[in-house]
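Listed below, chain by chain, are the residues.
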Amino acid sequence: MMIWIDKLRRDHALAPDEYRQLLATTDTDAVEYLHRQAREVALRQFGHDIYIRGLIEVGNRCRNNCYYCGIRAANMSVARYELTKEQILTSCREGYKLGFRTFVLQGGEKSGSYAMWEDVVSEIRLAYPDCAITLSLGEMTRSEYEGLFRAGANRYLLRHETYNADHYRRLHPESMSREHRLQCLQWLKETGYQTGTGIMVGSPGQTLDHLVEDICFIRRFQPQMIGIGPFIPQHDTPFRDCRPGSADLTLRLLSIFRLMFPSVLIPATTALSTLLLDGKARGILAGANVVMPNLSPAAYRSSYALYDNKAAMGTEAAEGLALLKQELDKIGYRISTARGDFK
């Protein structure tokens, strides 16, 4: 097993069966070795800097009915909201004062209109020319992606969630298309965005073979950002009674991706911190180099209910940067206010 980990660090790739056995191993020494190798690679690339991104959850209105998501269109229990342009710009202004130099605008696929987003992105770019603007607003047309790029957005995160067609169909209604999701990712890359994709670990019906397919797809796609988080059930969805994904498997995949892509931007996600009290620290020690404190107005955070018990305060919140600094100090890392572009 150690030989394969060394091979992955050296060649940035393994054979599919080698990935599968690395995911399946019960050898705790091998898993710790995997995390240690990934941590060393991240330290060589980024030193002890952890980049902060200001997450602004711009709205929870969505046209989709993904079976795992708490803001799915069919959920009549969630309190719907959309931030105004002024609220978004206020969040950016407050974030900039705190030291954030990347803003991440994330929302459901019916939050705001294209015209609004073009206007918002243009105003953020004009006000903060030294900042990166990341969007995570779901599937759009190619021309809309191009328009937002011209307006000043330079990163886009669109997790594919699962590459396997049968598994995709288990997670999504017929109205949604895996092929269209993959097409959107290609459009984003061709437009010039620093593009991110990623997977949900432990979603209902997922197998290790599915994860190997995801790894191989991401290897071919060559993203600049990779988002990995465990599945966590939400009580108003069809998957309410399903077990959450494995935090340990999520960390294992995080390390695999760090060895595959030494320079990629990988966050220690809020979902990981929701499952594990020390999830952020463990993610960083497994190779993550980004954290995304929440800049959203506090009154709306509980309504962005993608999954149950979502961490949104303390070190997960923008106002908790002092706590975050203390947490990183304990493991020998520090906050970086640099934009942290893909190298």
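For the structure, check the block above.
Please read these numbers as outputs of a predicted model, since none were measured by experiment.

Looking at this model, I keep getting lost on the packing of aromatic side chains. Mind explaining?
Geometry of an aromatic ring pair is reported as the spacing of the ring centres plus the angle between the planes. Here the structure, examined in full by the defined rule, presents 11 aromatic pairs. Residues Y145 and Y156 carry aromatic rings whose centres are separated by 5.1 Å and whose planes lie at 75° to one another, so their mutual orientation is edge-to-face. Taken together, the residues span a long stretch of sequence, with Y145 in helix α6 (residues 142–151) and Y156 in strand β5 (residues 155–157) at a distance of 11 residues. Each of the two residues, Y145 as well as Y156, counts as buried. Measuring from ring centre to ring centre gives 5.7 Å for F217 and F221, while their planes differ by 20°; the resulting arrangement is stacked. A residue pair is termed a helical-turn pair when its members lie 3 or 4 positions apart in one helix, as F217 and F221 do in helix α9 (residues 208–221) at four residues. Both residues of the pair, F217 and F221, belong to the buried class.

I tried to follow the pattern of salt bridges on my own but got confused; where do I start?
A side chain with one charge may pair with a side chain of the opposite charge, provided their charged atoms come close. In the structure shown here, the tally under the stated rule is 20 salt bridges. Among the salt bridges present, the one from R63 reaches E109, with a minimum N-O distance of 2.9 Å. Separated by 46 residues along the polypeptide, R63 in the loop between β2 (54–59) and α4 (85–98) and E109 in the loop between β3 (102–107) and α5 (114–127) bring together distant segments of the chain. The class of R63 is partly exposed, set by a relative accessible area of 47%. The salt bridge involving E179 is made with R178; its shortest N-O contact spans 3.0 Å. Connected through shared salt-bridge partners, R63, E109, E139 and R181 make up one network.

Can you walk me through empty space enclosed by the protein in this structure?
If you roll a probe as big as a water molecule over the atoms, it shows you where there is empty space left. Under the counting rule described, the total for this entry stands at three cavities of 30 Å³ or more. Within this model, the largest cavity holds a volume of roughly 1100 Å³. In terms of lining residues, the largest cavity is bounded by 50 residues, among which Q106, S136, R159, E161 and L306 are the most central. Roughly 50 Å³ of volume is contained in the second largest cavity. If you trace the second largest cavity, you find it lined by A42, L43, F46, G47, D49, I50, I284, A288, N289 and Y333.

Sorry, what's going on with the sheet that holds strand β4 (residues 132–136) here?
Paired through backbone hydrogen bonds, the strands of a sheet run either parallel or antiparallel to each other. Here six strands make up an open sheet; going across it, the order is β2-β3-β4-β5-β6-β7 and the pairing parallel. If you trace the sheet from one side to the other, it starts and ends with β2 and β7 (225–230), each paired once. On average, each strand axis in the sheet is tilted by 20° relative to the strand beside it, whichever way the strands run. Where strand β6 (residues 194–201) and β7 come together, six bridges link them in parallel fashion. Following the sheet pairing, G196 is matched in β7 by M225. On top of the sheet, helix α8 (residues 178–191) reaches β5 and β6; it is set at about 155° to β6, its chief contact. Each of β6 and β7 touches α9; the most contacted strand, β6, lies at about 175° to it.

Help me out: how do you make sense of unusual backbone geometry in this one?
With the exception of glycine, the majority of residues adopt a negative phi angle, and the majority of peptide bonds are in the trans configuration. Although it is not a glycine, E161 adopts a positive phi angle of roughly 70°. Here E161 is to be found in the loop between β5 and α7 (165–171). We classify E161 as buried; its relative accessible area is 10%. At Q222, a position not held by glycine, the phi torsion is positive, near 55°.

Mind showing me how you'd approach helix α10 (residues 247–260) here?
Since one α-helical turn is 3.6 residues long, residues separated by three or four positions face the same way. Spanning 14 residues, α10 covers 20 Å between terminal C-alpha atoms, matching the ideal 20 Å at 1.5 Å per step. For α10, the buried fraction is high: 13 of the 14 residues fall into the buried class. Where α10 begins, the capping side chain belongs to S246, and its oxygen is found 3.3 Å from the backbone nitrogen of D248.

Any chance you could explain the nonpolar core here in plain terms?
Most often, soluble globular proteins keep nonpolar side chains buried together rather than apart. L105, I124, L253 and F257 are the most contacted members of the largest nonpolar core, which has 90 residues in total. With nine residues, α10 is the largest single contributor of residues to this core. Ignoring sequence-local partners within four residues, the contact set of L105 consists of I56, V58, I88, W117, V120, I124, T134, L135, S136 and L137. One finds Y51, M225, L265 and V290 within the second-largest nonpolar core, a separate group that totals five residues.

Whenever I open this one, the packing of helix α1 (residues 2–11) against α10 confuses me. Can you help?
A pair of packed helices is captured by two measures, namely the crossing angle of their axes and the spacing between those axes. With their axes 7 Å apart at the nearest point, α1 and α10 run at an angle of 45° to one another. By the criterion of interaxial angle, the relationship of α1 to α10 is oblique. Of α10, the residues touching α1 (which contributes I5, L8 and R9) are I256, L259 and M260. Looking at the contact of α1 with α10 residue by residue, the class counts come to five nonpolar, no polar and one charged.

Looking at this structure, I do not really get the pairing of β6. What am I missing?
Both faces of the sheet carry side chains from a regular strand, because those side chains alternate between them. Counting buried residues in β6 gives eight out of eight residues, a clear majority hidden from the surface. Burial along β6 is two-sided: Q194, G196, G198 and M200 facing one way and T195, T197, I199 and V201 facing the other are all buried. For β5 and β6, the ladder comprises three bridges, and the chain directions are parallel. Across the sheet, residue Y156 finds its bridge partner in β6, namely T195. Read as a crossover between parallel neighbours, the route from β6 over α9 to β7 is right-handed.

Rules behind the numbers
- Residues numbered from 1 in each chain as written.
- Predicted model: local features only at pLDDT ≥ 70, side-chain atom pairs only at ≥ 80, totals over all residues.
- Heavy atoms only, no water.
- Phe/Tyr/Trp six-rings, centres within 6.5 Å; stacked < 30°, edge-to-face > 60°.
- Helix = DSSP H or I, 4+ residues; strand = E, 2+ residues; numbered from the N terminus.
- Buried < 20%, exposed > 50% of the residue type's maximum accessible area, 1.4 Å probe, protein only.
- Salt bridge = Lys/Arg side-chain N within 4 Å of Asp/Glu carboxyl O.
- 1 Å grid on protein atoms, 1.4 Å probe; cavity = no way out; pocket = protein on both sides within 12 Å on 5 of 7 lines; lining within 4 Å.
- Points joined across faces, edges and corners; volume = space filled by probe spheres on them.
- Pairing = 2+ DSSP bridges.
- Axes fitted to C-alpha atoms, helices over the stretch in contact; angles between N-to-C directions.
- Contact = heavy atoms within 4.5 Å.
- Expected span 1.5 Å × (residues − 1).
- Polar contact = N/O pair within 3.5 Å; in protein donor to acceptor, adjacent residues only side chain to side chain.
- Core = buried A, V, L, I, M, F, W, Y, C linked by side-chain atoms within 4.5 Å.
- Parallel < 35°, antiparallel > 145°, perpendicular 65-115°, else oblique.
- Nonpolar A, V, L, I, M, F, W, Y, C, P; charged D, E, K, R; others polar.
- Right-handed = clockwise from strand over helix to strand, strands pointing away.

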